[in-house]
Amino acid sequence: MYDLLVKNGKIVTPDCIYEADIAVDDGVFAAFLAKGTDVEANEVIDAKGNYVFPGIIDCHAHLNEPGFEYREDFETGSRAAVSAGCTCLIDMPLNNDPSLMNKEVFDLKMGKISKHSAVDFALWGGIVGDYDDKPDSVKNNMNDLIDLHNCGVAAFKGFTCPNGNLFPTVSMGNVRKALEILKPYNALCGFHCEEYGQVLEREKEAKAKEGRTNQEKIRDFLDSHDVWTEYVATKNVIDMARATGGRVHICHVSHPMVAQVVKDAIYEGLPITAETCPHYLGFTEDFVFEKGAPAKCTPPMRKKEDMDKLWDYVLDGTLSCIGSDHSPAADEEKDNATKDIWHAWGGLNSIQFFLPMMFDMVVHQRKLSPSLIAKVMDYNPAKVFGLYGRKGAFEIGFDGDIVIVDPEKAWKCKQEELLTKGHVSCFDGMEGKGAPVCTIIRGKVVAEDGLYKDEAIGYGEFITPVK
Ligand SMILES: [Zn+2]
């Protein structure tokens, strides 16, 4: 007698799609059975006609607790995540006060978030430098990195340019030092790549222009964060990987020119991985001009031809992971009426449409196999972030994480229905097809028909890399 049987579904793996029944026992995958095998289970779910994925891993999400709960906390962010088919997310260290930069903060953060997460979660630890004029109390945590690694963070994140958080920028000196320290531990270091000097200089010049209309300010903003800032920072960070041999992950690659730098480094044999996000694969500068403040993020969305070309790098494996980069804000921080592009919060409310958006883009718009989703949103993130062994694949003994997706189910993003704390999303009004009908974590149903279950709150577990 199994605890759970998911039958009649189309099992999606990175390599193929096949029909089989899945049995879960004690929270882990217990058997993969020929379709229709006569076995008993306490709970049986019929997935007929639907795709069955091994959960969805969001390797890049900002849930803001502790410190900025008015934007998002783990309860609101995670309930939106599971409702949209996510079974494990990796939370960023920087939209926090204090940022996750040492063991003390780790203990403080875990004390808060582990009580009310609906989703299984891993953590990014912070690499904070001394490049800019942040208070001494939050600067340079090079002496804390090993402790933080031993706490079980899945990766480390550094920011190469000024950001809207209390998170000091890293110089290339800090990047090099962090890679040297963490290399013996084979720890992964991810970076937001935009080059500090260029961003600072170009923003200063753009903001000094007088009498600009809102649309002109958007042009200025996009130009201040053009591809050269991302390109130079990515090259520099990759050079530090070359110098140290440390493992580097390039976060949210937005442009094919940057992806090519990553591709060259991989070809050279350097330990480089990279991700992109749905908004760089489905949206362009025009979208920022149309939506204004709600669509502000960095790096910004690019031109149509760049967006189309970026897909080549997803398909060839250069951009091996997709993350949502959900970075929510309070509604007033994204309000076009009171905030121009310079004063609006930079970050998108996107976690509730992460899988539906990608499914619609991959399967319906680009006519690609759902296997691509299993590759870039399950298998690869699990491998890159060390969660493979528990997450990311249908394997005996792995966590019984499953998302069942109805490929034809129509969806529409309505701001008023968002489960996140903030309700302003640039994706408001967007429609597509393909949505989760059931999300299962470790054998337990945590969401059905796009809505989390109350009993899921607090069920989420902290996941550490598999040694
Ligand atoms: Zn981010």
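Residues numbered from 1 in each chain as written. Predicted model: local features only at pLDDT ≥ 70, side-chain atom pairs only at ≥ 80, totals over all residues. Heavy atoms only, no water.

The next point concerns the layout of surface pockets. Approximately 510 Å³ is the volume attributed to the largest pocket. What lines the largest pocket is a set of 31 residues, and nearest its centre among them are Pro162, Asn163, Gly164, Thr298 and Gly346. When residues of the lining of the largest pocket are traced back to their parent elements, those giving at least two are β9 (155-159) and α5 (196-207). Ranked by residues supplied to the lining of the largest pocket, first place goes to α5 with 3 residues. For the lining of the largest pocket, a count of residues per class yields 11 nonpolar, 14 polar and 6 charged. Lining of the second largest pocket is provided by 18 residues; of these, Gln352, Phe353, Trp411, Lys412 and Gly450 occupy positions nearest its centre. Listed by contribution, the elements that provide at least two residues to the lining of the second largest pocket are β14 (402-412) and β15 (431-441). (1 Å grid on protein atoms, 1.4 Å probe; cavity = no way out; pocket = protein on both sides within 12 Å on 5 of 7 lines; lining within 4 Å. Points joined across faces, edges and corners; volume = space filled by probe spheres on them. Helix = DSSP H or I, 4+ residues; strand = E, 2+ residues; numbered from the N terminus. Nonpolar A, V, L, I, M, F, W, Y, C, P; charged D, E, K, R; others polar.)

This next bit is on the packing of helix α12 (residues 354-365) against helix α13 (residues 371-384). Close contact between α12 and α13 brings their axes to 10 Å; oriented N to C, the two are set at 140 degrees. By the angle between their axes, α12 is oblique relative to α13. For the crossing formed where α12 meets α13, the hand is right-handed. Between α12, through Phe354, Leu355, Met358, Phe359 and Val362, and α13, the contact on the second element is made entirely by Leu372, Ile373 and Met377. The class makeup of the residues in the contact of α12 with α13 is 8 nonpolar, no polar and no charged. (Axes fitted to C-alpha atoms, helices over the stretch in contact; angles between N-to-C directions. Parallel < 35°, antiparallel > 145°, perpendicular 65-115°, else oblique. Left-handed = near helix turned anticlockwise from the far one by under 90°. Contact = heavy atoms within 4.5 Å.)

For the structure shown, the criterion picks out 18 aromatic pairs. Between Phe29 and Phe32, the ring centres sit 5.5 Å apart and the planes meet at 45 degrees, which makes this aromatic pair tilted. Geometrically, the ring pair formed by Tyr379 and Tyr388 is edge-to-face, given 5.4 Å between the ring centres and 75 degrees between the ring planes. Residue classification places Tyr379 among the partly exposed residues on the basis of a relative accessible area of 28%. Among the residues examined, Tyr388 registers a relative accessible area of 24% and is labelled partly exposed. One aromatic cluster is present, built from ring pairs that chain together Phe74, Phe106, Phe121 and Phe462. Note that Lys444 overlies the ring of Tyr459, its terminal NZ or CZ placed 5.3 Å from the centroid. (Phe/Tyr/Trp six-rings, centres within 6.5 Å; stacked < 30°, edge-to-face > 60°. Buried < 20%, exposed > 50% of the residue type's maximum accessible area, 1.4 Å probe, protein only. Lys NZ or Arg CZ within 6 Å of the ring centre and 35° of its normal.)

Right, let's talk about empty space enclosed by the protein for a bit. Unoccupied space between atoms shows up once a probe the size of one water molecule is rolled over them. Counting across every chain of the model gives 1 cavity of 30 Å³ or more. Here the residues of the lining of the largest cavity are counted per class, giving 4 nonpolar, 2 polar and no charged.

Another aspect to go through is the coordination of the zinc ion. Coordination of the zinc ion by the protein comes from His60 (NE2), His62 (NE2) and Asp325 (OD), over a distance range of 2.0 to 2.1 Å. Sequence spacing of the donor residues for the zinc ion, all on one chain, is H-x1-H-x262-D. Of this pair, His62 sits in the loop between β6 (57-61) and α1 (74-83) while Asp325 sits in the loop between β13 (321-322) and α12, placing them 263 residues apart in sequence. Asp325 gets classed as buried once you look at its relative accessible area, which sits at 10%. (Donors = N, O, S within 2.8 Å, 3.2 Å for Na, K, Ca; no water.)

With respect to the secondary-structure elements, Ser99 resides in the loop between β7 (88-91) and α2 (103-113). Dropping the residues within four chain positions of it, Ser99 is found in contact with Pro93, Leu94, Val105, Leu166 and Phe167.

The subject of this paragraph is the environment of Gly55. Mapped onto the secondary structure, Gly55 falls in the loop between β5 (51-53) and β6. Each C-alpha atom, one on Gly55 and one on Asp264, is 31 Å from the other, the two residues being 209 residues apart in sequence. Setting aside residues up to four positions removed in sequence, Gly55 forms contacts with Gly85, Thr87, Asp378, Asp401, Ile402 and Val403.

Moving on to the sheet that holds β9. If you trace the 8 strands from one edge of the open sheet to the other, you get β6-β7-β8-β9-β10-β11-β12-β13, paired in parallel fashion. Looking at strand neighbours, the two that pair on one side only are β6 and β13, the edges of this open sheet. Bridge analysis of strand β11 (residues 247-250) against strand β12 (residues 272-276) gives 3 bridges, and the strand direction is parallel. Following the sheet pairing, His249 is matched in β12 by Thr273. Running over the sheet, helix α4 (residues 172-182) touches β9, β10 (188-192) and β11 and is turned about 160 degrees from β10. (Pairing = 2+ DSSP bridges.)

In this section: the UniProt feature "domain: Amidohydrolase-related" (unreviewed entry) in the protein. Under the feature "domain: Amidohydrolase-related" (unreviewed entry), the UniProt entry names residues 51-446. Strand forms 16% of residues 51-446 and helix 36%; the C-alpha atoms that close the span are 18 Å apart. (UniProt positions renumbered as here; feature names shortened; annotations may be inferred.)

All right, on to the domain arrangement of the protein then. In terms of domain boundaries, the protein breaks down into domain 1 (2-52 + 398-421 + 434-456) and domain 2 (56-384). The C-alpha-based centres of domain 1 and domain 2 are spaced at 29 Å. Summed over both partners, the interface of domain 1 with domain 2 buries about 2,600 Å², with 64% contributed by carbon and sulfur atoms. The interface formed by domain 1 and domain 2 includes 2 salt bridges. Put simply, Lys421 and Asp73 hold a salt bridge, and the shortest N to O gap is 2.9 Å. For the pair domain 1 and domain 2, the interface holds 11 residue pairs in polar contact (both at pLDDT 80 or more). Elements with a minimum of two residues in the side of domain 1 that touches domain 2: β14, β15, β16 (444-448) and β17 (451-452). With 7 residues, the top contributor of residues to the side of domain 1 that touches domain 2 is β14. (Domains from an automatic or database assignment. Buried area = accessible area lost by both parts, 1.4 Å probe. Salt bridge = Lys/Arg side-chain N within 4 Å of Asp/Glu carboxyl O. Polar contact = N/O pair within 3.5 Å; in protein donor to acceptor, adjacent residues only side chain to side chain.)

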